[in-house]
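# Notes for the structure review
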Amino acid sequence: MRSLEDFTRLVPIVTKKMLVADQLASPPFGTYLGVDRADIARVHGSSGTSGVPTLYGISGNDWLRTEEVCRMALWSAGVRPDDLVQISFPFGLFLGGWGLLQACEFLGAGAFPVGSLMPTDQQLQQMLNLKIDALVATPSYALHLGRRAVELGLDMNTASLRAVIVAGEPGGSSPEIRHAISSTLGGPVVIDLGAGASSEMHPFYANVGCRHADGGVHLIQDENYTEVVDRDDPNVAVPAGTSGAVVATHLWRDSQPMIRFWLGDEGVLSEEPCPCGRTYPRLPRGVYGRLDDMLLIRGANVYPSAIDAVLRDHPAGGGEYRVIVERVGDLDELRVELESPLDPDGPDAARSVAELEAGLKDRLMVRTAVRLVDEGTFEAQVFKARRVIDRRG
């Protein structure tokens with residue numbers, strides 16, 4: 001290889017399914033940890049296609065090396081060292097909330113890591129009480145906070161909130177969503193963070209928007225090298241301005257480095273200059289679609305096969321089923337409708353529903369409702385099963 005063009009043309013991609021298969025064959029980290037176990041500083045993960053979490057071991061050197069890109073990202077988003085940042089991302093196995101907390105610490109900004117467990121009304125009250133300067137949340141939760149503020153009659157124009165940084169879901173670069181968030185939370189600028197990134201690509205804040213552009217993210221290419229390629233042939237780059245699949249490569253990580261990792265996101269690359277003066281290329285529309293069967297629910301990765309694994313492991317789960325995703329208010333809700341011979345009003349049905357809901361929450365880390373329906377309700381799926389009904393539009 002003598003050029004970046006050769007790199008795209010000659011190097012195969014790595015997919016999430018490959019990582020999952022390797023970790024199942026060689027637990028816990030697969031054959032690609034890259035460092036000694038003693039060098040691991042953090043272990044995080046996400047739900048894999050089998051329903052078993054995919055584990056990411058991050059070395060101490062890699063965790064600390066992200067300091068510069070953390071500072072660059074938050075500065076680009078308008079955060080300054082004397083600001084107080086409210087982090088409404090979940091703090092669990094997923095890296096999202098922890099990475100953002102790390103970013104605040106590296107920049108020197110104060111962090112209010114409320115996570116996702118504090119009720120919405122309390123989050124709004126504390127946002128006003130603490131005079132929060134910046135909020136980090138998923139686009140859907142930021143919308144929910146704004147609309148709840150309107151319902152409560154809160155005057156968010158008196159708030160100190162200058163920036164809302166959204167990540168974890170598509171939509172952070174949508175003009176309509178950004179306007180809806182800003183208009184209900186007192187007019188802060190809305191910045192997309194992490195579009196075209198993932199837990200595998202930590203530091204995922206190498207993709208970040210700025211206060212001067214109308215959506216989209218700058219790609220910090222000297223940290224993670226991002227390409228947009230043909231969705232059917234990842235060894236063919238598409239011209240700037242053409243929609244394609246987003247592929248990313250670590251340039252510095254020594255623990256589990258990803259080489260041409262297929263993110264499954266759809267985006268378009270632009271080399272046009274930004275009013276802010278940064279010269280990195282951009283994804284001007286962020287990411288706006290998925291190219292695989294993964295669902296993004298409240299910032300979490302959910303694979304239909306993980307749902308299938310939970311259902312098939314329960315005595316009540318042998319029938320046909322459907323997975324329904326809906327937007328209820330501003331939040332995504334996940335529901336499973338499962339065929340069953342049980343009396344839906346009987347104690348056995350109630351017990352089975354409770355067990356299935358608990359099992360799905362443990363496996364997916366997302367609340368999932370279960371409803372039993374009569375046998376024969378759904379058409380049997382015998383080839384390339386399509387059981388997901390996504391009604392979010």
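Use the structure listed above.
Scope of this entry: the structure provided in the associated data block. (Residues numbered from 1 in each chain as written. Predicted model: local features only at pLDDT ≥ 70, side-chain atom pairs only at ≥ 80, totals over all residues. Heavy atoms only, no water.)

Turning our eyes to something else, we now look at the pairing of strand S19 (residues 368–373). Here strand S18 (residues 331–339) pairs with S19 via six bridges, running parallel. Looking at S19, one finds that Glu337 is bridged to Arg371. (Pairing = 2+ DSSP bridges. Helix = DSSP H or I, 4+ residues; strand = E, 2+ residues; numbered from the N terminus.)

This part is about the packing of helix H7 (residues 139–152) against helix H8 (residues 175–184). When two helices pack together, their arrangement is given by the angle between the helix axes and by the axis-to-axis distance. Where H7 contacts H8, the axes come no closer than 8 Å and their chain directions differ by 35°. Taken as a pair, H7 and H8 cross one another with a handedness that is left-handed. From H7, Pro139, Ala142, Leu143, Gly146, Arg147, Ala149 and Val150 reach across to H8, where they touch Ile177, Ala180, Ile181 and Thr184. Of the residues belonging to the contact of H7 with H8, the class tally is eight nonpolar, two polar and one charged. (Axes fitted to C-alpha atoms, helices over the stretch in contact; angles between N-to-C directions. Left-handed = near helix turned anticlockwise from the far one by under 90°. Contact = heavy atoms within 4.5 Å. Nonpolar A, V, L, I, M, F, W, Y, C, P; charged D, E, K, R; others polar.)

Below, the discussion takes up unusual backbone geometry. With an omega dihedral of 0°, the bond running from Pro27 to Pro28 counts as a cis peptide bond. As for its position among the elements, Pro28 is in the loop between helix H2 (16–25) and strand S1 (40–47). Of the consecutive residues His202 and Pro203, the connecting peptide bond is found in the cis state with omega at 5°. In this structure, Pro203 sits in the loop between strand S7 (189–192) and strand S8 (207–208). One non-glycine residue with positive phi stands out, namely Arg260, at about 55°. If you trace the backbone, Arg260 turns up in the loop between strand S11 (244–250) and strand S12 (261–267).

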